[in-house]
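# Notes for the structure review
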Protein chains: 2
Amino acid sequence: MFESVELGQQVDKQEYKEAIAQLRTQLITAQIACQKAPGPIILLISGMDGAGKGELVNALGDMLDMRNVVIQTFWDTSDEEQQRPDHWRFWRAMPKRGQIGIFFGAWYTDPMRRYVEGQADEIALEHDMRRIVRLEKMLADDHAVILKFWFHLSAETQKQKHQKLKKKHKESPEMIKRAMWHFDHYSRIRDAAEQSIRHTDRAQARWYLIDASHKRHRHLRVFTILNKALQICTEQNHSPLVADDVIMDVDTAPVLNSVNLNHTLEPDSYHDQLKEYQSRLHRLIWLAYKKRLSTILLFEGWDAAGKGGSIRRVANAMDPRLVQQISIGSPTDEEKDHHYLWRFWRHLPRAGMVTIYDRSWYGRTLVERVEGFAHPAEWHRAYEEINEFEQQLIQAPTLLLKFWLHIDQDEQLRRFKEREVTPWKQHKITDDDWRNREKWADYERAINETVSRTSTREAPWQLIAANDKKFARIAVLRHTVEQLERLLNEVKK
Amino acid sequence: MFESVELGQQVDKQEYKEAIAQLRTQLITAQIACQKAPGPIILLISGMDGAGKGELVNALGDMLDMRNVVIQTFWDTSDEEQQRPDHWRFWRAMPKRGQIGIFFGAWYTDPMRRYVEGQADEIALEHDMRRIVRLEKMLADDHAVILKFWFHLSAETQKQKHQKLKKKHKESPEMIKRAMWHFDHYSRIRDAAEQSIRHTDRAQARWYLIDASHKRHRHLRVFTILNKALQICTEQNHSPLVADDVIMDVDTAPVLNSVNLNHTLEPDSYHDQLKEYQSRLHRLIWLAYKKRLSTILLFEGWDAAGKGGSIRRVANAMDPRLVQQISIGSPTDEEKDHHYLWRFWRHLPRAGMVTIYDRSWYGRTLVERVEGFAHPAEWHRAYEEINEFEQQLIQAPTLLLKFWLHIDQDEQLRRFKEREVTPWKQHKITDDDWRNREKWADYERAINETVSRTSTREAPWQLIAANDKKFARIAVLRHTVEQLERLLNEVKK
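The model shown is predicted, which means the values in this text are computed figures rather than measured ones. By convention here, each chain's residues receive numbers from 1 onward along its written sequence. Note on labels: chains are lettered from A, ligands numbered from 1, in written order. Residue-level local features of this predicted model are given only where pLDDT is at least 70; pairs of side-chain atoms are given and counted only at 80 or more, and the full residue set underlies all totals for whole chains, interfaces and linings. Excluding hydrogens and water, the side-chain values take into account all heavy atoms of the structure.

Take the sheet that holds strand β10 (residues 461-465) of chain B next. Residues and elements named next belong to chain B. In this analysis, strands are considered paired if DSSP registers two or more bridges between them. Put simply, DSSP marks the helices as runs of H or I at least four residues long and the strands as runs of E at least two long, and each gets a number from the N terminus on. Strand order in the open sheet formed by five strands is β7-β8-β6-β9-β10, and the pairing between neighbours is parallel. The sheet is open, and its two borders are formed by β7 (323-327) and β10, each paired with just one other strand. Taking the axes of each pair of neighbouring strands and ignoring which way they run, one obtains an average angle of 20° across the sheet. Where β7 and strand β8 (residues 354-358) come together, five bridges link them in parallel fashion. With axes taken as lines fitted to C-alpha atoms, and helix axes fitted only over the stretch in contact, angles between N-to-C directions fall between 0 and 180 degrees.

Written as structure tokens, this is what we have:
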């Protein structure tokens, strides 16, 4: 989930200055207009230690009219607070309609801390998060605009920041101790954050993951998102029941750009590895069958990225009695007559079997979004629906592997042209492919957001560098083999 | 929660015949029109054993065009089903758009059975139910109309039915054994049902509690509700996002009618009991303070039902340092600027203290509903919001006692007139009171529904017969004393 915000994105000084100049006027104008909004605007700031959350609030102070802003930190609970239900302190601090409330951590802090410290397990965390969903829904139904920011740092970046801090605060062992706690618990905190975000990322209260490694970048992201929200807020009509309709489109970080497309593989090495991984895969699939572990491999990717070829290399390694290949095209009439997930539920593998999807339920957030087949509210909702669906698969248990085969535009053009002049490949290139190509940027946005919102701990996306077909095929095979081995070790006979 | 459907309601033969004749044409016409509906219509039939669920389906067969209806029973899971995620069997059986699907128990059966048999605890049951909420939301978002029926029998009625069954099936020990299981587990099943219904009663998938003691009544209720749903369905426009807006108004059973208003209390007995209960209450409130158990007493009732007098009798028994009285009138400007529950969160008692509410958050589903101050979607949503809010109070822990002081229209008229001629009571009667009185029937509906949807195991409504003021005051005191004693025994020091 956090791959997209570990890119270390930067904004140069001049660009920042110009953007800020523009945003300053827009923000203040919108803020004034928003005082008549039907609900409060709640900014919830969470994130890794050392990610600059405090700095952000200072920066917001420079941008907004602070007379209409309330800032709430929630440290140790007071005596007053301990004597009431958990959420009392948050209700007490709630901004009023038209007001901006900046909350640090708020209702997320305690449940996450309990999980990190081992006082709460995954089920307790989920229970707390579901309760938060209901709180946020209640507020959103009453017209609150809720923006939730997670300021993310990679372990490496946090380490660097902490080392700087250590030097700066040599005389403050308390400060160093606190920093070290966060450092020691990094992976558990990351885990808590991922689960919390997945359970509570809802259309009415979205999480925005912020790459917090550089100050100008993270500030600009927050200001831009806040500005968008305030703009919608001022344009919004005041009738009831609008909360669910307000879809705010925010670009997620360009995670696809992080794929290094220069990888290649020599033919000799390719053939050796192909043989090696295919034979291991063959044995593993039989073992999975015996242990009743189902497997789903799901392939998405650009047109001509080589999905078919990769699928064949995987499928050929398996006993055909154990594997079912499903190619997802337009839905049939019968499928259209049901919920969009119905067609995928239909084909779920029996325990121990393998299903390979050539395209998948992600059509909802990719092609259906870009082509306008799904209403914005529908594809926005789909992230949580898909996460929920995949969660049930994983509990079955099923090994769910999701591959995005990535190529760049030049490589696609080369392959399209090759298809046009190669007689046995001509059927593979249609006008649709050229049309889709024109929408490259739209698809890129859709993919970045999909990966960012649906890459979960149990079912992360694998972005496969596929400019070199051989490299891509081996990457897919290797990952499949490794994950099967890992999970088969975990599953009890 | 089930008081409202343990009234043993009956419909006479002639009335039934006429109603059926009318409904038959309406239903079939609506069913045909609904074939173009944007989603399926799902009827979920659950309830107590012996409540006539099977009979209902046969009766539906006489009323509907069964070519467009699918009936799904879910017995033991098949081998095929066991090898997939739990919900697979339901997805597989899902009716298509425009089709009516009649499901027996469906996704509720297994979680409830696990709880009844002690394999799952309350937390596990809640977890399963929250998952069902998400499933039903997903379907409703995709335009499914979901009607959930709980066929209820009181323990007594079930016993009678089972005895008849025993005679009828003397030669079938299997049948008798099954009936006895349900009989033995009655209270646990009732408990499971109450919790399940409370967790899953949502505007997009409402539960309809059916008094199932008499056949004609239960059939007529279901047909009427189905007919309403199909009517809405045919009128509904086909744009996306309508699901939440479809508010179906169905009268709940007249639970208020079950209150016996003839109770009276002689002055001597009244004074003795008043003294006795007040002195016990005084001691208990101090004990609760020491044990940090908070108490909330909430009073609702008809105008002139005697709320003030009852509250005084309770409050006078308590040390004033421990008690806070809050009279809820129109919200202040500041309160209007927040969520409607905010004003109640504000005043929550500290641990060990008592708060007495003269009127309460139930204004949302009573006066705000009747007077049109809240949009139908808002007060429909309020049942779950209030249940959630009260749940948090109870967990604090707080003893939450909710009283409805009930009088009949004649008694109210008598009191109004008395107020008009008694100088020191004249200020208590205003034009508003006379206006409210004209809306008696509307308030009655609102109260019946409120009691039915928010009377939970931990915080049941107490309907107090208040035609005789003395009787009412003692009833309130006695209940308060008994509940405090019960809970103080449970709470550890």
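Continuing now.
What follows is about the interface of chain A and chain B. Each side of the interface is counted separately: chain A has 50 residues, and chain B has 50 residues. Taken together, the two surfaces of chain A and chain B that pack against each other cover about 5,100 Å², and 53% of this comes from carbon and sulfur. For chain A, the biggest contributors to the area lost against chain B are Q83, W91 and W345 of chain A; these three give 13% of the whole. Each reported salt bridge corresponds to a side-chain nitrogen of Lys or Arg within 4 Å of a carboxyl oxygen of Asp or Glu. At the junction of chain A and chain B, the tally comes to six salt bridges. N or O atoms closer than or at 3.5 Å make up a polar contact, with two conditions inside protein: a donor-capable atom paired with an acceptor-capable one, and, for residues adjacent in sequence, both atoms drawn from side chains. At the junction of chain A with chain B, the criterion picks out 25 residue pairs in polar contact (both at pLDDT 80 or more). Elements supplying a minimum of two residues to the side of chain A that touches chain B: α3 (79-82), α4 (88-92), α6 (122-141), α14 (342-346) and α16 (376-395) of chain A. A per-element tally of the side of chain A that touches chain B places α6 of chain A first, with nine residues. Residue contacts are defined here by distance: any two heavy atoms, one from each residue, within 4.5 Å place the two residues in contact. Note: buried area is the sum, over both parts, of the accessible area (probe 1.4 Å) each one loses when the two are combined.

Moving on, we get to the relation of the copies chain A and chain B. Copy-to-copy superposition: least squares on the C-alpha atoms, limited to residues that have pLDDT of at least 70 in both copies. For these two chains of identical sequence, chain A goes onto chain B by a turn of 180° and a shift of 0.0 Å along the axis, with RMSD 0.0 Å. With respect to symmetry, the two chain copies, as superposed, fit the operation of a two-fold axis. The residues that chain A uses at the interface reappear at the interface of chain B in 100% of cases, marking a shared surface.

All right, on to the pairing of strand β6 (residues 294-301) of chain B then. Residues and elements named next belong to chain B. Partly exposed describes any residue whose relative accessible area lies between the buried limit of under 20% and the exposed limit of over 50%, with all areas from a 1.4 Å probe on protein chains only and scaled to the type maximum. Of all eight residues that make up β6, eight are buried, and the element is covered over most of its length. Burial along β6 is two-sided: S294, I296, L298 and E300 facing one way and T295, L297, F299 and G301 facing the other are all buried. The pairing of β6 with strand β9 (residues 398-406) spans eight bridges and is classified as parallel. Across the sheet, the residue bridging to F299 is F403, located in β9. When β6 meets β8, the two strands line up parallel, connected through five bridges. Bridge pairing links F299 to D358 in β8.

All names here are of chain A. By the secondary structure assignment, T398 is in strand β9 (residues 398-406). One polar contact links the side chain of T398 to the main-chain carbonyl oxygen of L393, over a distance of 3.0 Å. Other than its neighbours up to four places away in sequence, T398 contacts L293, S294, T295, I296 and L393.

Moving on, we get to the nonpolar core. What is meant by a nonpolar core is a set of buried Ala, Val, Leu, Ile, Met, Phe, Trp, Tyr and Cys residues, joined one to another through side-chain atoms within 4.5 Å. Formed by 149 residues in total, the largest nonpolar core has its most connected members in L43, W107, F149 and F223 of chain A together with W361 of chain B. Sort the elements by how many residues they give to this core and helix α20 (residues 469-490) of chain B lands first, with ten residues. Listed in part, the 148 residues of the second largest apolar core include A465 of chain A together with V5, I132 and L135 of chain B.

With that settled, consider the sheet that holds strand β1 (residues 41-47) of chain A. All names here are of chain A. The parallel open sheet is built from five strands, whose spatial order is β2-β3-β1-β4-β5. Across the chains shown, the open sheet's two edge strands, defined by having one partner strand only, are β2 (69-72) and β5 (207-211). Across this sheet, the average inter-strand angle for adjacent strands is 20°, counted without regard to direction. Two elements, β1 and strand β4 (residues 145-152), share seven bridges in a ladder whose sense is parallel. Looking across to β4, one finds that L44 is bridged to K148.

On to the packing of helix α2 (residues 53-63) of chain B against helix α10 (residues 215-235) of chain B. Residues and elements named next belong to chain B. At a minimum axis distance of 11 Å, the contact between α2 and α10 shows a crossing angle of 55°. Taken together, the axes of α2 and α10 lie oblique to each other. Our pair here, α2 against α10, has a crossing hand that is right-handed. Contacts between α2 and α10 involve E55, L56, A59, L60 and M63 from the former and K215, R218, H219, V222, F223 and L226 from the latter. Under the scheme applied here, ten amino acids are nonpolar (Ala, Val, Leu, Ile, Met, Phe, Trp, Tyr, Cys and Pro), four are charged (Asp, Glu, Lys and Arg), and all others, including Gly, are polar. Taken together, the residues of the contact of α2 with α10 sort by class into seven nonpolar, one polar and three charged. The cut-offs work like this: below 35 degrees is roughly parallel, past 145 is roughly antiparallel, 65 to 115 is roughly perpendicular, and the gaps in between are oblique. For a crossing to be left-handed, the near helix must be turned anticlockwise from the far one by less than a right angle; the clockwise case is right-handed.

Attention now goes to the side chain of T456 of chain B. Of note, T456 of chain B is situated in the loop between α19 (440-454) and β10. With relative accessibility at 4%, the residue T456 of chain B sits in the buried group.

Between two aromatic rings, the relevant description is the distance of the centres plus the angle of the planes. Two rings from Phe, Tyr or Trp (for Trp, the six-membered ring) form a pair when their centres are within 6.5 Å of each other. A pair whose planes differ by under 30 degrees is stacked, one over 60 is edge-to-face, and the rest are tilted. Under the criterion given, the structure shown has 34 aromatic pairs over all chains. Geometrically, the ring pair formed by F2 of chain A and W150 of chain A is tilted, given 6.4 Å between the ring centres and 35° between the ring planes. Note that F2 of chain A is positioned in the segment before α1 (13-34) and W150 of chain A in strand β4, a separation of 148 residues in sequence. For F2 of chain A, a relative accessible area of 0% gives the class buried. Here the aromatic cluster, defined as three or more aromatic residues joined through ring pairs, consists of W91 of chain A together with F344, W345, Y357, W361 and F389 of chain B. The residue whose ring lies beneath R364 of chain A is Y340 of chain A, and the NZ or CZ to ring-centre distance is 4.0 Å. Geometrically, a lysine NZ or arginine CZ counts as sitting over a ring once it is within 6 Å of the ring centre and also within 35 degrees of the ring normal. If you follow R188 of chain B out to its NZ or CZ, it ends over the ring of Y115 of chain B, 3.9 Å from the centre.

Okay, the domain arrangement of chain A next. Residues and elements named next belong to chain A. These domain boundaries are the output of an automatic or database domain assignment. Assigned domains of chain A: these are domain 1 (3-253) and domain 2 (260-490). Look at where the C-alpha atoms of domain 1 and domain 2 centre, and you get two points 33 Å apart. Summed over both partners, the interface of domain 1 with domain 2 buries about 1,800 Å², with 38% contributed by carbon and sulfur atoms. Taken together, the links from domain 1 to domain 2 amount to six salt bridges. With a shortest N-O distance of 4.0 Å, E388 and R130 are connected by a salt bridge. One can count eight residue pairs in polar contact (both at pLDDT 80 or more) joining domain 1 with domain 2. Residue contributions to the side of domain 1 that touches domain 2 peak at four residues, all from helix α9 (residues 186-200).

All names here are of chain A. The omega angle of the peptide bond from A396 to P397 is 5°, so this bond is cis rather than trans. Structurally, P397 can be placed in the loop between α16 and β9. Here A106, not a glycine, exhibits a phi torsion of approximately 50°, which is positive. Despite not being glycine, R292 has its phi angle at roughly 65°, a positive value. In this structure, R292 sits in the loop between α11 (267-290) and β6 (294-301). Classification of R292 by relative accessible area gives partly exposed; the value is 46%.

Moving on, we come to helix α7 (residues 155-168) of chain B. What sets the pattern is the α-helix's 3.6 residues per turn: residues three or four places apart point alike. Residue and element names in this part refer to chain B. Here α7 contains 14 residues, and its C-alpha end-to-end distance of 20 Å stays within 8% of the 20 Å for a straight helix at 1.5 Å per residue. For α7, every residue scored as buried is listed here: T157, Q158 and H162. Buried residues of α7, viewed axially, fall in a sector of 130°; they line one side. Exposed and facing more than 90 degrees away from the buried side of α7 are K164 and K167. Turning to α7, the residues buried within the fold contact α8 (173-184) and α9 (186-200). Take the number of residues in a helix, subtract one, and multiply by 1.5 Å to get its expected span. Arc definition: it is the arc formed by the directions from the helix axis to the C-beta atoms.

Here we take up the confidence of the model for chain A. Residue and element names in this part refer to chain A. Per-residue confidence from the predictor is reported as pLDDT, which spans 0 to 100. Here chain A averages 87 in pLDDT, and 96% of its residues register 70 or above. For chain A, α3 is the element with the lowest average pLDDT, namely 76, and β9 is the one with the highest, namely 96. Between residues 238-246, whose pLDDT stays under 50, and residues either more than four places distant or in other chains, the model counts 22 contacts.

Below, the discussion takes up the UniProt feature "domain: Polyphosphate kinase-2-related" (unreviewed entry) in chain A. UniProt positions are given in the numbering used here, feature names are shortened, and annotations may be inferred rather than shown by experiment. Feature annotation in UniProt places "domain: Polyphosphate kinase-2-related" (unreviewed entry) on residues 11-233 and 266-486 of chain A, given in this structure's numbering. Counted over residues 266-486 of chain A, helix gives 54% and strand 14%. Its end C-alpha atoms are 28 Å apart.

A few words on the packing of α16 of chain A against helix α6 (residues 122-141) of chain B. Two elements in contact, α16 of chain A and α6 of chain B, have axes whose closest approach is 11 Å; the angle formed by their N-to-C orientations is 135°. When the interaxial angle is binned, α16 of chain A and α6 of chain B end up oblique. Crossing angle aside, the handedness with which α16 of chain A passes α6 of chain B is left-handed. Judged by residue contacts, R381, E385, E388 and Q392 of chain A of α16 of chain A engage R131, R134, K137, M138 and D141 of chain B from α6 of chain B. Here the contact of α16 of chain A with α6 of chain B is composed, by residue class, of one nonpolar, one polar and seven charged.

Another aspect to go through is helix α2 (residues 53-63) of chain A. Residues and elements named next belong to chain A. For α2, every residue scored as buried is listed here: K53, L56, V57, A59, L60 and M63. Down the axis of α2, the smallest arc covering the buried residues is 160°, so these residues share one side. Within α2, the exposed residues directed more than 90 degrees away from the buried face are N58 and D62.

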